[in-house]
Amino acid sequence: MKIAESLSSCSSNSAGPVTPTIPLVSFLERVQETALSTFGGSQFDPKLYVDLSPKFELSKTQDAFDKLPRSANGSVSVKELNGFIEEYFEGAGDDMVYAEPVDFVPEPEGFLPKVKSKEVRAWALEVHALWKNLSRKVSDEVVKRPEFHTLLPLPKPVMIPGSRFREVNYWDSYWIIRGLLASKMYETAKGIVTNLIHLIEEYGHVLNGARAYYTNRSQPPLLSSMVHEIYSRTGDMQLVKKSLPALLKEYQFWSSGIHKVTIHDVHSSSHTLNRYYAVWNKPRPESSTIDKESASNITSISAKQHFYRELASTAESGWDFSTRWMRNPLDFTTLATTSVLPVDLNAFILKMELDIAFFAKLTGDYNTAESFLKASQARQKAMKSVFWNEKIGQWLDYWLNDNTCEETQTWEAYNQNQNVFASNFIPLWIETFYSDPSVVEKVLRGFQSSGLLGAFGIATSLKNSGQQWDFPNGWAPFQHMIVEGLVRSGSKEASSLAEDIAVRWIRTNYDAYKKTGTMHEKYDVSKCGEFGGGGEYVPQTGFGWSNGVVLAFLEEFGWPQDRTIHC
Ligand SMILES: OC[C@H]1O[C@H](O[C@H]2O[C@H](CO)[C@@H](O)[C@H](O)[C@H]2O)[C@H](O)[C@@H](O)[C@@H]1O
């Protein structure tokens with residue numbers, strides 16, 4: 001299952017390396033396809049079917065499935081299919097069992113000391129209590145018979161994002177941890193890190209999520225940031241020592257041939273930067289029926305494979321889906337994520353380099369510290385040269401020329417993507433950028449004139465495309481990184497803008513919670529109390545990273561007695 005060895009370079013055609021899949025996943029994709037033709041598209045969630053675990057040996061289950069009476073279009077009657085699923089499968093999610101978090105108390109000592117308003121405090125305690133809803137552990141059944149499950153075994157209890165996301169997701173865990181730290185749940189936070197380290201030990205990288213069908217890609221790499229946050233709160237050196245070898249391995253994954261591109265700048269200096277690149281060229285198993293439909297007008301096999309790789313690489317970016325990755329925003333099949341050098345990915349890897357240097361120094365490994373410090377300086381220069389646009393005060397994604405396998409290209413100004421995305425401001429979250437006052441000043445102006453700041457938070461982009469990572473949706477992670485960058489910048493003006501954004505975000509989260517009784521995965525930044533929509537699945541609730549960001553904001557800014565919580 002280890003894929004790191006196959007990542008040295010992308011092959012001469014569009015195919016590139018592909019992770020082997022397991023028979024259970026392929027079979028469940030067939031069940032998913034039949035379910036779509038039987039139940040129809042409305043309210044259909046393809047992920048449900050790849051999350052099922054068979055009660056019996058796969059051969060027996062497959063046999064029974066193949067014997068189901070079918071009509072000419074391949075569909076089975078609703079009654080037959082429901083009967084088959086009930087008889088042959090455990091319910092999706094049954095293999096993740098409830099686990100009482102060991103460090104949960106209804107009101108932790110020193111919880112959100114700056115929140116003075118009674119109303120807001122009562123709500124914050126409700127959000128804090130949601131950790132109990134999201135806490136799970138992998139059932140013993142999975143450990144005993146892993147081949148019966150797409151869920152992967154993990155050593156410690158987990159926090160799931162919520163609803164259809166019944167397993168750990170990589171980058172969600174960073175904001176979940178930020179919330180857990182505000183909730184003083186340090187053991188649970190460390191357990192999450194232990195699980196992600198385990199995935200690196202098993203697969204060479206942190207998977208998109210802990211499922212057999214996610215082994216072909218990662219997600220925005222934030223493990224080092226998780227360790228850094230926990231260390232700064234707890235001073236736990238054991239955690240640092242345990243994490244360092246895994247982080248070095250993860251860094252190797254992101255430094256592999258397929259993830260790297262070298263750009264010659266206008267001064268003929270070379271810079272190496274990274275991109276998302278999934279090790280996959282088939283429909284994503286969790287959305288197989290959707291991907292096949294999206295690719296249905298593509299005729300050649302290699303063009304289809306290329307498109308499927310783009311879909312999976314976009315899922316790796318965490319921004320699935322967005323016009324950010326489309327050469328033509330009106331045509332979904334022009335998705336070209338592997339042809340983009342993304343600002344945020346490179347900011348995250350820069351952060352990883354700085355964190356590794358810091359951890360190595362802590363453990364007395366000065367050579368490693370020195371070499372990662374050098375790597376971080378090189379990346380900082382690269383980001384300035386390739387992404388930075390002084391005129392508009394933003395870092396812009398860089399479009400590669402069409403041949404995505406070409407490892408060296410020459411910088412051209414017109415290849416900077418001039419469209420505005422929340423990701424254009426993420427470098428401000430990284431110390432080396434926010435510690436330069438002249439950069440902060442320009443980025444502050446760039447942000448204020450970007451058009452991204454809505455009445456109730458920061459929009460993801462300015463285009464209303466119907467994709468979930470576009471306008472008018474605002475996502476908790478981007479509110480948090482931009483706000484934290486502005487706060488840390490040391491500029492008074494930036495800091496007060498940060499608080500203003502946090503207040504807008506908290507209010508809309510509160511209003512939506514009071515109306516719907518739940519926290520949401522994303523919000524509509526143009527309307528108070530409205531959750532977001534669009535994309536390929538119905539809006540999800542629960543929700544790990546939104547809870548985490550509300551708690552982190554309330555910890556940072558508090559809430560005075562006399563400030564209204566209503567929009
Ligand atoms: O099933 C479709 C896709 O769902 C996930 O993506 C979205 O939810 C994740 C969990 O909150 C989040 O990390 C991601 O940013 C969202 O876009 C999943 O991560 C994708 O791989 C998957 O294809």
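Residues numbered from 1 in each chain as written. Predicted model: local features only at pLDDT ≥ 70, side-chain atom pairs only at ≥ 80, totals over all residues. Heavy atoms only, no water.

Under an unreviewed UniProt entry, the chain has the name Trehalase and belongs to Carpinus fangiana. The record in UniProt for the chain states the following under Sequence similarities (unreviewed entry): "Belongs to the glycosyl hydrolase 37 family." (UniProt positions renumbered as here; feature names shortened; annotations may be inferred.)

## Considerations on the overall build of the chain
Tallying secondary structure elements over the chain gives 19 helices and 16 strands in all. Scaling as 2.2 N^0.38, a compact globule of 567 residues should have a C-alpha radius of gyration of about 24 Å, and the chain matches this with 23 Å. Summarising the internal contacts of the chain: among those between residues at least 6 apart in sequence, 73% fall at separations of at least 24. For the chain, the exposed area adds up to about 21,100 Å²; of that, 52% sits on carbon and sulfur atoms. With 57 positive and 66 negative side-chain charges, the chain shows a separation of 2 Å between the mean positions of the two kinds. (Helix = DSSP H or I, 4+ residues; strand = E, 2+ residues; numbered from the N terminus. Rg over C-alpha atoms; globule rule 2.2 N^0.38 Å. Contact = heavy atoms within 4.5 Å. Areas by Shrake-Rupley, 256 points an atom, 1.4 Å probe, with all protein chains shown as cover. Lys, Arg positive; Asp, Glu negative; His and termini not counted. Charge placed at Lys NZ, Arg CZ, Asp CG, Glu CD.)

## Quick word on the packing of aromatic side chains
Tallied over the full model, the rule gives 42 aromatic pairs. With centroids separated by 6.2 Å and ring planes inclined at 90°, the aromatic side chains of F348 and W429 adopt a geometry described as edge-to-face. With F348 in helix α13 (residues 343-362) and W429 in the loop between β12 (408-410) and α15 (431-434), this pair connects stretches of sequence that are 81 residues apart. The exposure class assigned to W429 is buried, which follows from its relative accessible area of 1%. (Phe/Tyr/Trp six-rings, centres within 6.5 Å; stacked < 30°, edge-to-face > 60°. Buried < 20%, exposed > 50% of the residue type's maximum accessible area, 1.4 Å probe, protein only.)

## As for the state of the cysteines
Tallied over the full model, the rule gives 1 disulfide. Between C528 and C567 runs a disulfide, and the two sulfur atoms are separated by 1.8 Å. Its S-S torsion of approximately 55° makes the covalent link between C528 and C567 right-handed. With C528 in the loop between β16 (523-524) and α19 (544-557) and C567 in the segment after α19, this residue pair connects regions lying 39 residues apart in the sequence. (Disulfide = S-S within 2.5 Å.)

## Overview of the site of the ligand
Around the ligand, the structure places 22 residues, and the nearest of them are D172, N208, E286, G318 and D320. N169 is positioned such that a nitrogen or oxygen atom in its side chain is 3.4 Å from an oxygen atom of the ligand. In the model, an oxygen atom of the ligand is placed 2.9 Å from a nitrogen or oxygen of the Q219 side chain. Here the ligand occupies the largest cavity. (Near = heavy atom within 4 Å. Polar contact = N/O pair within 3.5 Å; in protein donor to acceptor, adjacent residues only side chain to side chain. 1 Å grid on protein atoms, 1.4 Å probe; cavity = no way out; pocket = protein on both sides within 12 Å on 5 of 7 lines; lining within 4 Å. Sits in = over half its atoms within 2 Å of the grid points.)

## Here's the deal with the nonpolar core
Counting 172 residues, the largest nonpolar core has F84 and L223 as the members making the most contacts within it. In this view, F84 contacts F27, T61, A64, F65, L68 and F89; residues no more than four positions away in its chain are not counted. (Core = buried A, V, L, I, M, F, W, Y, C linked by side-chain atoms within 4.5 Å.)

## Section: the pattern of salt bridges
Applying the stated rule across the entire model yields 36 salt bridges. R166 serves as the salt-bridge partner of D51, at 2.5 Å between the closest nitrogen and oxygen. In this pair, D51 is assigned in the loop between α2 (47-50) and β1 (53-54) and R166 in the loop between β5 (158-159) and α7 (172-182), connecting sequence segments 115 residues apart. Judged on exposure class, the residue D51 and its partner R166 are both buried. A salt bridge links D236 to K190; the nearest nitrogen and oxygen atoms lie 2.9 Å apart. Taken as a pair, D236 in the loop between α9 (223-234) and α10 (237-254) and K190 in helix α8 (residues 186-203) lie far apart in primary sequence, 46 residues in all. Accessibility assignment for this pair places D236 and K190 in one class, buried. Each of the salt bridges in this network shares a partner with another, and the network as a whole consists of K47, D51, R166, E167 and R211. (Salt bridge = Lys/Arg side-chain N within 4 Å of Asp/Glu carboxyl O.)

## Quick notes on the environment of Q467
Residue position: Q467 is located in the loop between β14 (457-458) and β15 (473-474). The class of Q467 is buried, set by a relative accessible area of 18%. The sequence separation of Q467 and K55 amounts to 412 residues, and the corresponding C-alpha distance is 37 Å.

## A short note on the sheet that holds strand β6 (residues 260-264)
Pairing is mixed across the open sheet formed by 3 strands, whose spatial order is β7-β6-β12. Looking along the sheet, the strands with just one partner apiece sit at the ends: β7 (270-274) and β12. With direction set aside, neighbouring strand axes in the sheet form an average angle of 30°. As defined by bridge partners, β6 adjoins β12 across 3 bridges and the pair is classed as parallel. Counted as the bridge partner of T262 is T408 from β12. (Pairing = 2+ DSSP bridges. Axes fitted to C-alpha atoms, helices over the stretch in contact; angles between N-to-C directions.)

## Quick look at the layout of surface pockets
Size it by volume and the largest pocket reaches roughly 280 Å³. As for the largest pocket, its lining consists of 17 residues, and the residues nearest its centre are H228, K351, D355, E431 and Y434. At the level of elements, α7, α9, α13, α15 and α17 (476-488) are the ones that each hand at least two residues to the lining of the largest pocket. Counting residues per element, the lining of the largest pocket draws most heavily on α13, which supplies 5 residues. Looking at the lining of the largest pocket residue by residue, the classes come out as 8 nonpolar, 2 polar and 7 charged. (Points joined across faces, edges and corners; volume = space filled by probe spheres on them. Nonpolar A, V, L, I, M, F, W, Y, C, P; charged D, E, K, R; others polar.)

## A short note on the sheet that holds strand β3 (residues 96-98)
Here we have 3 strands laid out as an open sheet, ordered β3-β4-β5, and antiparallel in their pairing. If you trace the sheet from one side to the other, it starts and ends with β3 and β5, each paired once. As paired elements, strand β4 (residues 135-138) and β5 share 2 bridges and run antiparallel to each other. Bridged to R136 within β5 is V158. Across the sheet, helix α5 (residues 118-134) touches β3, β4 and β5, and the angle it forms with β4 is around 20°.

## Details of the packing of α10 against α13
Describing two packed helices takes the angle between their axes plus the distance from one axis to the other. Packing of α10 against α13 leaves a shortest axis separation of 10 Å and a crossing angle of 140°. Considering their axes alone, α10 and α13 lie oblique with respect to each other. In the crossing of α10 with α13, the sense of the turn from one axis to the other is left-handed. For the pair formed by α10 and α13, the contact residues are M237, V240, L244, L247, L248, E250, Y251 and W254 on the first element and L345, I349, M352, E353, I356, F359, A360 and L362 on the second. (Parallel < 35°, antiparallel > 145°, perpendicular 65-115°, else oblique. Left-handed = near helix turned anticlockwise from the far one by under 90°.)

## A closer look at the environment of V343
Assignment of secondary structure puts V343 in helix α13. With 160 residues separating them in the primary sequence, V343 and S183 have C-alpha atoms 31 Å apart. Excluding its chain neighbours within four sequence positions, the residues that come into contact with V343 are R324, M383, F387, W395, L396, D397, S423 and P427.

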